[in-house]
Amino acid sequence: MSRLSEIIRRDLRLALRQGSDSVMVVTFFVLTVVLFPFGLGPETNLLERTSAGVLWVTALLASMLSLDRLFLADYEDGSLELLALTPTALELLVIGKVVAHWLTTGLPLMVAAPVLAVLLHMHADGFGTLLLTMLLGTPTLSLIGAMGAALVLGARRGGVLLSLLVLPLYVPVLILGVGAIDAAVQGLPADGLLLMLGGFLLGALPLAPWAAAAALRQALE
Amino acid sequence: MTSEQAFSTFTAEGLVCVRGERVVFTRLDLSLASGEAMFLLGPNGSGKSSLLRVLAGLLKPAAGRLTWNHQALAEDREGHAARIHYVGHHDAIKPVLSVMENLRFWGRLHDPLAGDAAVKAALERFGLWHLRQVPGKLLSAGQKRRLNLARLLAAPASLWLLDEPSVALDKASVKTLEAVIAEHRANGGMVILSTHADVSLPGATELHLDRFTPTTPPEFWA
Amino acid sequence: MHRFANPARFLRLASVIQPWTAAVTLLLIGAGLYFGLLVSPADYQQGETVRIMYVHVPAAWVAMAAYSCMAGASAVGLIWKHPLADLIAKSASPIGASFTFLCLVTGSLWGKPMWGTWWAWDARLTSMLILFFLYLGHMALLNAFDDPGRGMKAAAILALAGFVNVPVIKFSVDWWNTLHQPASVTRLGMPKIDPSMLLPLLLMGVGFTMFFVTVLLLRVRLEVLAAKIRAIRLTQIHGMPGADPSGEALG
Amino acid sequence: MDSLASYFSMGGYAGYVWSAYAITAVVMVALALLTWRGLKGREQELKELQDIIPGRRGRSHDGVAEKG
């Protein structure tokens, strides 16, 4: 367990010193969301109706931005083989890296989302649910994304390939996340959907690190 | 240094290594006991690096088995990892972390109980203590290699697997490495290293890998 | 050593079975076409367009069966390291992708007269579209590495992850669809199956499946030979001791 | 003849029905044909390779195979 916190601390420190990643992800998020009113027109009704979808689709794309670097830097400088030779399950180390990834991308996205929701005139009833879906959904994105990032290590054109692998698997998060917000805005109960989103996270929590660790071992062979 | 005092043996039997559908070596046996050292010799492509990776547990052999004190290691990947230090071609140094932070991370990851004292001693030994605040990106190739080697002392491990450890090292640093290895062996540690013969280790055995190159073409698909 | 187990026996077996599966395929599809196009009546609601069902629905079946086959073979390949299983997984995905594509196109051709639009975000079609992307990802990953063995292993992990995810995707898409579309829209799929329609549907379904088996066997044979050729090429390049004393390459 | 024409018109939906069948036929035939040609190509290639390296056919044992 202390190894887990050690790796989280290191990755956070690296992210903070290198700085750019979180800022870039949030900037992309903000910028892309701001483009939508230009594309759709500034009508309040239209923006309000599409706000949940726009926010979630954009968050999904933004969280993919820093994904291909998740293992690549460690793979290239030899750190990854040393991590694999740590006397701990590789799965646990993957979880550590996922946690760090979520703290540097998922969490900033979650913080930025309500501000953008204001710009898109999202109905006030949706804000709480928006935050909750982000809280339950973005870790799943990081988990599935980590698996994709591990699979494409050493591949040609890994970055493009990564989006092809990961985006179809993101569909349930998108549907459930947007569905919950829409339900809340319409005054319907969103609990069931949030539960499902949480269930998906719980399912991904053991499976994605397992798959990612298996992929990393293949990459190191 | 290592706290391992009990007498240990490490053996490999009938190892076969396949890389990218090519058989690198077959039926390779080796054995090593506490205090012993072994040189891996052979031309490029004879599989020195591959063998070290197999011994470290990074690469699964296509056949054969590894044992530690006569117990098979196949399923105990993590237990084996706790016993070894592996130094590969890459130095695994993060450019934005300081020398101290780099080493402390690997030390704690290998052994969470390893204190800063061991890290300090390791840095002093390899002449890096005065550079402890310097970020990794400013180090020269030789300094990076020394920092990588300092991992050997930052946390204890019985078996050191060193792949060309003397690359980029000056004469004085090679002497330090030799001394460090000698102490490790005196404490009952084992060392296997591949090198271009500029490191001298008294009493080390030699393993010539070209002897294990397959003599007939592989016909898996015949 | 089971790792290199017996592709030779497979090759022999495959060339014995293959003429039979091919014959059965032709027979079943021929009969299916006869009953589907000539004997079975037009649907009272959908008219003659219902005949598209006889290719659309079997294509969907094969598309899903091929994914299951691929995931199963991937699991066997990962757990028991059987090289034939890897090759089966590799061979299944282009066939599965082709049938998913057929399912989408025929669905679109059926949708135009039925819904008045080429594409509707119908739950089944949408799931098929995502399945198509999963196939594309699998094929892309397979071919993204210089070492074909590495590609197969990575793709096997992806196939399993996808397989676990497919029910979740299916469920979420179904839910999303009922939310966004009034239930009164005529769904593609089986309206009220009359025995006269069931017969051609089943004939075509089994015929398509046999076609899948036949082409799969052919592709696996192809892959076995390709692996054999690579092995020979590699020994040519790296040579045997004595043949090439310089012994360069691979560290 | 009239009934034949009306049969082919598929109740006015000829374009949809026949193109569905046509594209299915094209894809399936192409899949089978390409695979078949690929297989024949590999068989040919293998034969050429084995002609270059004489004596390979007889030697089916090597160090690896014996290990198991």
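Placed above this text is the structure.
Presented here is a report on the structure given in the accompanying data block. (Residues numbered from 1 in each chain as written. Chains lettered and ligands numbered in written order. Predicted model: local features only at pLDDT ≥ 70, side-chain atom pairs only at ≥ 80, totals over all residues. Heavy atoms only, no water.)

## Quick notes on the overall build of chain D
The helix and strand tally for chain D stands at 3 helices and 0 strands. When its helices and strands are written in sequence order, chain D yields α-α-α. Here chain D, with 68 residues, has 25% of them falling under the buried criterion. Approximately 4,300 Å² of chain D is accessible, and the part contributed by carbon and sulfur atoms is 62%. (Helix = DSSP H or I, 4+ residues; strand = E, 2+ residues; numbered from the N terminus. Buried < 20%, exposed > 50% of the residue type's maximum accessible area, 1.4 Å probe, protein only. Areas by Shrake-Rupley, 256 points an atom, 1.4 Å probe, with all protein chains shown as cover.)

## Examining the nonpolar core
Phe29 and Phe71 of chain A, Leu51, Leu55 and Ile192 of chain B together with Phe99 of chain C are the most contacted members of the largest nonpolar core, which totals 187 residues. Considering every element that reaches this core, the biggest residue donor is helix 6 (residues 195-238) of chain C, with 16 residues. When residues no more than four places from it in sequence are discounted, the contact partners of Phe29 of chain A are Leu55, Thr58, Ala59, Ala62, Leu109, Ala112, Ala113, Leu116 and Met134 of chain A. In this structure, Ile93, Val99, Ala154 and Val174 of chain B belong to the second largest nonpolar core, which totals 33 residues. (Core = buried A, V, L, I, M, F, W, Y, C linked by side-chain atoms within 4.5 Å. Contact = heavy atoms within 4.5 Å.)

## Here we look at a nonpolar patch on the surface
A grouping of Val30, Val34, Leu35, Phe38 and Leu119 of chain A is seen on the molecular surface, where their side chains present a nonpolar patch of about 470 Å² in accessible area. In terms of residue count, the dominant contributor to the nonpolar patch is helix 2 (residues 20-40) of chain A (4 residues). (Patch = residues over 30% accessible without salt bridge, like charges linked within 9 Å, V, L, I, M, F, W, Y side chains within 5 Å. Salt bridge = Lys/Arg side-chain N within 4 Å of Asp/Glu carboxyl O.)

## Here we look at the interface of chain A and chain B
Each partner contributes to the interface: chain A provides 28 residues, whereas chain B provides 30 residues. Carbon and sulfur atoms supply 60% of the area buried between chain A and chain B, which totals about 2,700 Å² over both sides. Interface area lost by chain A to chain B is led by Leu82, Leu85 and Glu221 of chain A, which between them contribute 25%. Across the chain A-chain B interface, the total number found is 6 salt bridges. Between Lys94 of chain B and Asp74 of chain A there is a salt bridge, with the nearest N and O atoms lying 2.6 Å from each other. Viewed at the interface, chain B and chain A are joined by 11 residue pairs in polar contact (both at pLDDT 80 or more). Elements with a contribution of two residues or more to the side of chain A that touches chain B: helix 1 (2-18), helix 4 (69-76), helix 5 (79-84) and helix 9 (191-220) of chain A. (Buried area = accessible area lost by both parts, 1.4 Å probe. Polar contact = N/O pair within 3.5 Å; in protein donor to acceptor, adjacent residues only side chain to side chain.)

## Quick notes on the arrangement of the chains
Interchain contacts are distributed over 5 pairs of chains, and the most extensive set of them lies between chains C and D. At their nearest point, the C-alpha atoms of chain A and chain D are still 19 Å apart, with no contact between the two.

## Quick word on the sheet that holds strand 1 (residues 9-19) of chain B
All names here are of chain B. One open sheet holds the 4 strands; their spatial order is 2-1-4-5, and the pairing between them is antiparallel. A strand with exactly one partner marks an edge of an open sheet, and here the two such strands are strand 2 (22-33) and strand 5 (71-72). Inspection of the sheet shows strand 4 (residues 63-68) paired to strand 5 by 2 bridges, in the antiparallel sense. Pairing of Thr67 across the sheet is with Ala72, part of strand 5. Each of strand 1, strand 2 and strand 4 is contacted by helix 1 (residues 48-56), which is oriented at about 125 degrees to strand 1, the strand it contacts most. (Pairing = 2+ DSSP bridges. Axes fitted to C-alpha atoms, helices over the stretch in contact; angles between N-to-C directions.)

## Structural notes on the environment of Leu40 of chain A
Residues and elements named next belong to chain A. For Leu40, the location among the structural elements is in helix 2. Given the relative accessible area of 35%, Leu40 is considered partly exposed. Non-local contacts of Leu40, meaning those with residues more than four positions away in its chain, are made with Leu46, Leu47 and Thr50.

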